[in-house]
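Now for the letters of each chain:
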Amino acid sequence: MSAPRIARSPRWRLLAALAALAVGAQAAPNGREPHLGYVYPAGGKQGITLHAIAAGQQFRGVSEVYITGSGVHATVSRPVPNIRNLERDQLLEARKRLLALRQNPRADSTPIKPESKLRGELPATQTPRKRDDPTSKPATQPSAPPEVDVDALSLRELEYYLGAIRSRDKRQVNPQLAQVVLLEITIDANAAPGDRELRLGGPTGLTNPLRFQVGGLPEISEQEPIGGEAPTASTLSLPLLINGQIMPGDVDKFRFQAKRGQRLVIDVQARRLIPYLADAVPGWFQATVALYDAAGAELAFVDDYRFNPDPVLLYEVPDDGEYRLELRDALYRGREDFVYRVSVGELPFVTQIFPLGGQAGSAATAGVFGWNLRRERIQLEAPAGAEGIRSTFAQRGKWRSNEFLYAVDTLPARFESEPNDDREHAQRIAPPRMVNGRIDPPDDVDVYQVAGRAGEELVAEVSARRLNSPLDSRLSITAAAGKVLAWNDDMDAPATGLLTHNADSYLRVKLPATGVYYVKVADAQQHGGPEYGYRLRLSAPRPDFELRLAPSCINVPAGRVVPVCVYVLRKDGFNGDIDLALTNAPAGFILHGARIPGGCDRLRFTIAAPRDPSEHPLTLELEGRAEIGHRTVTRAVIPAADMMQAFSYRHLVPSQELLATVLPTKQTPPVITLADASPVRIPVGGTAEVRVNTPARNWLRKIELTLSEPPAGVTLVRVDHAPDGVTLVLKADQETAPPGLRDNLIVEGFMAAARPEADAQTKRTARVSVGFLPAIPFEIVRP
């Protein structure tokens, strides 16, 4: 149902037409979009209902929970007010209630209702601005102590509050985690185990997604001390999954019984839950885990698993008895979003498979190695048309192992054949071919001989680290006379968003003469072993591409446009144009500037929303099409979050879905279009005009139009107004605008608005963004 129309002045037609929110990879700290910082616990067991705390910012009005997949249902029970300033008697009462609930969890029968004696308002001190008036400012209100009924608090809320009070002297308040809601999550008994994505939704749209895991193990949550007194430590029964949070200086300790000969797997999930923290070094919660015997002697300690920051401790129990597990941050840091899930028990765990993939459309099997496994081989699904990296797991009874990765490719494969450590024993390979090999033992070198003709191009590419092999490959191509034509250690691979050190190698070489060449694979650190597997592609170039789109949540008012960014991962020299298109999209969504020019690796374009709001988030799917050789190649666009690590580095972390929320407005905005959607040609040193049509009159005179993130040398020099629109005059600088450049221009509108603290004397103002025009394709041409 359409939103009701309200008559407005021409000025407000502009605001209705342009007030689309600026969209970034993450919600800006001062933006209006909600941002989700953490969920605790970050998962649950099949067949249970649990309470979870979700914290972030801009949560006012958040009322919905969206979780990918089926079988998991969640609601926002209520906002959680800030009660860190409890009176002493209230604090004592809360401690007593928490102790009672810990001793008898079934007593936690508090009905969770949206409106309770908690007066469930978020701890904000501002009133919301009007949705259709971006120039209005929130009015500051005096902060009043919240009314709190301790008896109405759930166990999860009590744990949250008292944990915050216990640690408040150790840390600064993080505004990105200042607003909290209580969730009630029900997981069906038959819900598929694995990773989901959880988002919250409200009147300003969706939050970013965070990982939520569904498992089959019994689960508990850690218990923090109350009033300096540690909870009674009970001996835990295995197998078990423990949920916890690390606060500053925390060391979480757990006791359990184990028997001689048990092969224990202690698998910590921390960075996997929240991949990157923008304001922490090294950019994530770096968990460590240690194991002690009953006498307190340290038996084992790990702070990672190979190149993965999340630790895995594998330990064979020497004697019957009691053991203690300790988990902390490597630097003794901590705060609420240092969330973990650790599974403990005699559980299946895969350390390696070989080979690391198979050929598409053919039966593929691999040897599987690890701890507590039932089988020595596993079937790898490799259907035709499913090329790329896939994941699977091993099963032992009702327990499933960790996920492991493998590759599917169209090329036929061969196994490495030893000895092949030098040129005299080089293994002959006839490209195109995939070679499945291992660097084993340490210092091993694998040499392959290929024949080629002068002028041909040879591509040698190692896939190992991206398939969870510990190999840090080093690759070289040598001519028959011994001259090294090229070598490579680490390739640039932005598609591997969770790998901060992509250690795979890539070479593309034009052969200088007809003859024999040698391709050598080694480990750059001179390590090796049975787990150091790899797949080596030897072929002519196979031009191709992948696409990532950020952000993975789009919030846009009805009838307006929003800018997004697509990243192009070009392969084997592909340099052509790519046309983006929506597939099976809900009616009303339109792309502007959706052609990615040849050679372009990053393009901002705009998406126009339908003119009616959506009741629920809508799933969008995009694809890219390109002409490569004599065929049309189509690739899906993978949604991703552009995440910051440690104040500086950025990574594209894939998401499961691209969701769009079309927000309601108080009136349907007029249609704004470009008079000509074809690329505008701007001569070097000259100007070009772009006509923007709108049915409203004179409204653009109130707006300052500027270019958002323009390329070097391109400027907006003038805006000419007309009764039915405007003409934008663009200029390409003689010195800095490169001829041949093709891209999009994103035009953003601003208005001056009084600051909240402004008075008649100062008249302080601020520039307020009121939205965007459709993307304008352009090309810089020689005069």
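Residues numbered from 1 in each chain as written. Predicted model: local features only at pLDDT ≥ 70, side-chain atom pairs only at ≥ 80, totals over all residues. Heavy atoms only, no water.

Student: What's the story with the nonpolar core in this structure? I'm lost.
Tutor: Where a protein is soluble and globular, its nonpolar side chains tend to be buried together. Core analysis: the biggest nonpolar cluster contains 63 residues, and Tyr38, Leu183, Ile185, Leu198 and Leu200 have the highest contact counts within it. With 6 residues, strand S6 (residues 179-187) is the largest single contributor of residues to this core. Phe545, Leu603, Leu620 and Val637 belong to the second largest nonpolar core, which has 31 residues in total. (Core = buried A, V, L, I, M, F, W, Y, C linked by side-chain atoms within 4.5 Å. Buried < 20%, exposed > 50% of the residue type's maximum accessible area, 1.4 Å probe, protein only. Helix = DSSP H or I, 4+ residues; strand = E, 2+ residues; numbered from the N terminus.)

Student: Can you walk me through the environment of Ile578 in this structure?
Tutor: Tracing the backbone shows Ile578 in strand S41 (residues 578-582). On the accessibility criterion, Ile578 (0% relative accessible area) is buried. In the structure, Ile578 is positioned 20 residues away from Gly598 in sequence and 7.4 Å away in space, judged by C-alpha atoms. What Ile578 contacts, discounting residues up to four positions off in sequence, is Phe545, Leu547, Val568, Arg570, Ala594, Arg595, Ile596, Gly624, Arg625 and Ala626. (Contact = heavy atoms within 4.5 Å.)

Student: How do you make sense of the environment of Arg465 when you look at a structure like this?
Tutor: Looking at the element boundaries, Arg465 is found in the loop between strand S32 (457-463) and strand S33 (473-479). Relative accessible area serves as the criterion here: at 6%, Arg465 is assigned to the buried category. Taking the C-alpha atoms as reference points, Arg465 and Asp504, 39 residues apart in sequence, are found 5.9 Å from one another. Apart from residues no more than four positions distant in its own chain, Arg465 is found in contact with Phe307, Pro470, Leu471, Asp472, Leu499, His501, Ala503 and Asp504.

Student: Can you help me understand the side chain of Arg570 in this one?
Tutor: Topologically, Arg570 is positioned in strand S40 (residues 561-571). Within the structure, Arg570 has its side chain in polar contact with the backbone oxygen of Cys600 (distance 2.9 Å). Discounting chain neighbours no more than four positions away, the residues touching Arg570 are Asp544, Phe545, Asn575, Gly576, Ile578, Ile596, Pro597, Gly598, Gly599, Cys600 and Asp601. (Polar contact = N/O pair within 3.5 Å; in protein donor to acceptor, adjacent residues only side chain to side chain.)

Student: What's the story with unusual backbone geometry in this structure? I'm lost.
Tutor: Excluding glycine, most residues fall at negative phi; most peptide bonds, likewise, are trans. Residues Pro431 and Pro432 are joined by a peptide bond in cis, for which omega reads 0 degrees. As for its position among the elements, Pro432 is in the loop between strand S29 (427-428) and strand S30 (433-438). Non-glycine residue Gln58 carries a positive phi angle of around 55 degrees. Mapped onto the secondary structure, Gln58 falls in the loop between strand S3 (49-57) and strand S4 (64-67). For Gln58, a relative accessible area of 31% gives the class partly exposed.

Student: It is not clear to me how the pattern of salt bridges should be interpreted in this structure. Could you clarify?
Tutor: A pair can form between side chains of opposite charge whenever their charged atoms are brought close. Enumeration over the complete set of coordinates arrives at 34 salt bridges. In this structure, the salt-bridge partner of Glu219 is Arg341, at a minimum N-O distance of 3.0 Å. Here Glu219, found in strand S10 (residues 219-221), pairs with Arg341, found in strand S19 (residues 339-345); they are 122 residues apart in sequence, far enough to count as distant. Two residues, Arg570 and Asp601, come together in a salt bridge whose shortest N-O distance is 3.4 Å. Placement of Arg570 in strand S40 and of Asp601 in the loop between strand S43 (595-596) and strand S44 (602-608) is noted, with a sequence separation of 31 residues between them. Owing to a relative accessible area of 43%, Asp601 belongs among the partly exposed residues under this scheme. Taken together, the shared-partner salt bridges in this structure form one network comprising Asp195, Arg211, Arg272, Arg400 and Glu403. (Salt bridge = Lys/Arg side-chain N within 4 Å of Asp/Glu carboxyl O.)

Student: I tried to follow the pairing of strand S34 (residues 484-488) on my own but got confused; where do I start?
Tutor: Regular strands show a simple pattern: their side chains alternate between the two faces of the sheet. Here S33 pairs with S34 via 4 bridges, running antiparallel. Opposite Ile477, over in S34, you have Ala486 as the bridge partner. Counting the residues in the hairpin turn of S33 and S34 gives 4 residues, including Gly482, whose phi is positive at 100 degrees. (Pairing = 2+ DSSP bridges.)

Student: Please clarify how the sheet that holds strand S17 (residues 312-316) should be interpreted in this entry.
Tutor: Through backbone hydrogen bonds, the strands of a sheet pair up, either in parallel or in antiparallel fashion. With mixed pairing, the 5 strands of this open sheet are ordered in space as S10-S12-S19-S14-S17. Edge positions in the sheet fall to S10 and S17, since each of these pairs with one other strand and no more. Going across the sheet, the axis of each strand differs from the next one's by a mean of 15 degrees, ignoring polarity. (Axes fitted to C-alpha atoms, helices over the stretch in contact; angles between N-to-C directions.)

Student: What exactly am I supposed to notice about the packing of aromatic side chains here?
Tutor: Any aromatic ring pair is given by two values, namely how distant the centres are and how the planes are angled relative to each other. Applying the stated criterion across every chain, the model contains 6 aromatic pairs. Here Phe354 and Phe415 contribute two aromatic rings whose centre-to-centre distance is 5.8 Å and whose plane-to-plane angle is 50 degrees, an arrangement assigned as tilted. Separated by 61 residues along the polypeptide, Phe354 in strand S20 (residues 349-354) and Phe415 in strand S28 (residues 413-415) bring together distant segments of the chain. Judged by relative accessible area, which is 14%, Phe354 ranks as buried. Here the basic side chain of Arg271 rests over the ring of Trp284, its NZ or CZ set 4.6 Å away from the ring centre. A cation sits over an aromatic face here: Arg438 above Phe354, 4.0 Å from the ring centre. (Phe/Tyr/Trp six-rings, centres within 6.5 Å; stacked < 30°, edge-to-face > 60°. Lys NZ or Arg CZ within 6 Å of the ring centre and 35° of its normal.)

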